[in-house]
Amino acid sequence: MQKILVTGNGPLHGEVLISGAKNAVLPILCATLLTDEPVTLRNVPNLHDVKTTKKVLEGLGATVSYDPERFGSGPDSEVTVNASTVNSHVAPYELVKTMRASVLVLGPVLARYGQAEVSLPGGCAIGSRPVDLHIKAMQSLGADVTVEHGFIKAKTRGDRLKGAHHTFEIVSVGATENALMAAVLAEGTTVLDNSAMEPEIVDLADCLIAMGANIFGHGTPRIEIHGVERLHAATHDVVADRIECGTFLVATAMSRGSITTVNSRPETMDAVLDKLREAGAEVTVDGDRIHLDMRGKRPKAVDITTAPHPAFPTDMQAQFMALNCIAEGAGVIRENIFENRFMHVSELQRLGADIRVDGHTAFVRGVEQLSGAPVMATDLRASASLILAGLVADGDTLVDRIYHLDRGYENIEAKLSGLGATIRRVD
């Protein structure tokens, strides 16, 4: 099993290319099942989760093609999916168990084929994240849904799903995505209230619109969909990954360096950029470029409260906790999205961090210097926080279980090395 070895090596400097967003490309890949014409996606990141989704689509019978030499090369990285060859409506446990986003084939397969069987999903151990919100949305659209033998089994009552007015009990990104994809082929009009507003939802809707869907209000709490009988071929550029971008910006702030992110989407990152400025960073925006400069200063501790977009994203909580560990002063971090998302605390403490947890709140007092040590990643974003801490720790930090990291970060050690970090994979 591979690990990542990080040695503290001073400030980060330079430019870094931001990849396409993991949280956008996975539902968009599932959306290609809604048409029998080819859909080409550009700016597709070379991630383990993308490869798993490819296997899920191929398991359903779809044809997925790409140029290996360009895959993961930024804006030129293309993947084309042709779902005209789909011959199954079953997504098996063997594939779905490793990645929670696999449940996103439920809506498209049900909408296009009238029935779907999807194994209950797996993924990071950061909370319960129940699928009942997905099931209730499908039921609102006229599907009969049961859960038996570890599978969600859904079937339309007629030839097509029926448009409906559905209100989500709580804001859910995945359930909003599944309902949105199902509704585009439903008969009549669907209104989704209390919908998630994340940029990745907007990107999914933009791709569906390019495929011929009629969608209004995406990016707001109320999305209106006028169902169409069929979708068609399209080409779509996946939105830049705001979490990857934020991770590199925080790493630079922690190291007291200066970087420019390229191919980023600053307008999707207001909450994160505001907190970086609060931490003492000079942040300027020029088109798709974000420049951050700490001017050699130690960052200041910041208070964080996670909440659905446009508030502070839960996927950046661990990285800012790492920042607070070496910051001037003390910060309070409140996690309101996932109940198990403080599992990185004990590992940061192994590096010398001063953190106290009380329920869903962590109190972090900055220390002058962390000390390198062996640590273990517990989930995707925790992996990133441990690498960030290792970048500013004294000595070597060896991060175990980095398979989490490869689910959501493309070539993170190569990108950090390009900024001057001392980091490499070891067996």
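As the structure is a computational prediction, the values presented were derived from the model and not from experiment. (Residues numbered from 1 in each chain as written. Predicted model: local features only at pLDDT ≥ 70, side-chain atom pairs only at ≥ 80, totals over all residues. Heavy atoms only, no water.)

Visitor: Tell me what's going on with unusual backbone geometry, and back it up with residues and numbers.
Guide: Among all residues except glycine, the phi angle is most often negative; among peptide bonds, the trans geometry is most common. Put simply, H309 and P310 share a cis peptide bond, and its omega is 15°. Looking at the element boundaries, P310 is found in the loop between β18 (304–305) and α10 (317–325). Positive phi is not limited to glycine here, since N194 has a value of about 60°. Along the chain, N194 turns up in the loop between β11 (189–193) and α7 (199–210). For N194, a relative accessible area of 28% translates into the label partly exposed. Of note in the backbone geometry, R295 takes a positive phi value of approximately 50° without being a glycine. With respect to the secondary-structure elements, R295 resides in the loop between β17 (289–293) and β18. Residue R295 is classed as exposed on the basis of its relative accessible area, which comes to 57%. (Helix = DSSP H or I, 4+ residues; strand = E, 2+ residues; numbered from the N terminus. Buried < 20%, exposed > 50% of the residue type's maximum accessible area, 1.4 Å probe, protein only.)

Visitor: An account of the nonpolar core is requested, with residue identities and associated values reported.
Guide: In this structure, L33, L34, V105, V184, L208, I215 and L231 are the most contacted members of the largest nonpolar core, which totals 77 residues. In terms of residue count, helix α1 (residues 22–31) provides more of this core than any other element does, seven residues in total. Once you skip the residues sitting within four places of it in the chain, I215 turns out to touch L180, V184, A205, L208, I209, I223, E224 and I225. Residues V345, I355, A377 and L419 belong to the second largest nonpolar core, which totals 70 residues. (Core = buried A, V, L, I, M, F, W, Y, C linked by side-chain atoms within 4.5 Å. Contact = heavy atoms within 4.5 Å.)

Visitor: Outline empty space enclosed by the protein, supporting the account with residue identities and numerical values.
Guide: Once rolled over the atoms, a probe with the size of a water molecule shows which space is left empty. For the structure on display, the rule yields three cavities of 30 Å³ or more. Taken as a whole, the largest cavity encloses approximately 60 Å³ of empty space. Taken together, L29, V50, K51, K54, V64, Y66, F71 and V79 form the lining of the largest cavity. Those elements that place two or more of their residues in the lining of the largest cavity are α2 (48–59) and β4 (63–66). Ranked by residue count, the leading element in the lining of the largest cavity is α2, at three residues. Its residues assigned to classes, the lining of the largest cavity comprises six nonpolar, no polar and two charged. Space inside the second largest cavity adds up to approximately 40 Å³. If you trace the second largest cavity, you find it lined by T7, N9, G10, L12, S255, L391, G420, A421 and T422. (1 Å grid on protein atoms, 1.4 Å probe; cavity = no way out; pocket = protein on both sides within 12 Å on 5 of 7 lines; lining within 4 Å. Points joined across faces, edges and corners; volume = space filled by probe spheres on them. Nonpolar A, V, L, I, M, F, W, Y, C, P; charged D, E, K, R; others polar.)

Visitor: Let's hear about the pairing of strand β8 (residues 143–148): which residues, and what values?
Guide: One ladder, built from six bridges, connects β8 with strand β9 (residues 151–156); its direction is antiparallel. Bridged to V145 within β9 is A154. The antiparallel hairpin formed by β8 and β9 contains two residues in its connecting segment, where H149 sits at a positive phi of about 55°. (Pairing = 2+ DSSP bridges.)

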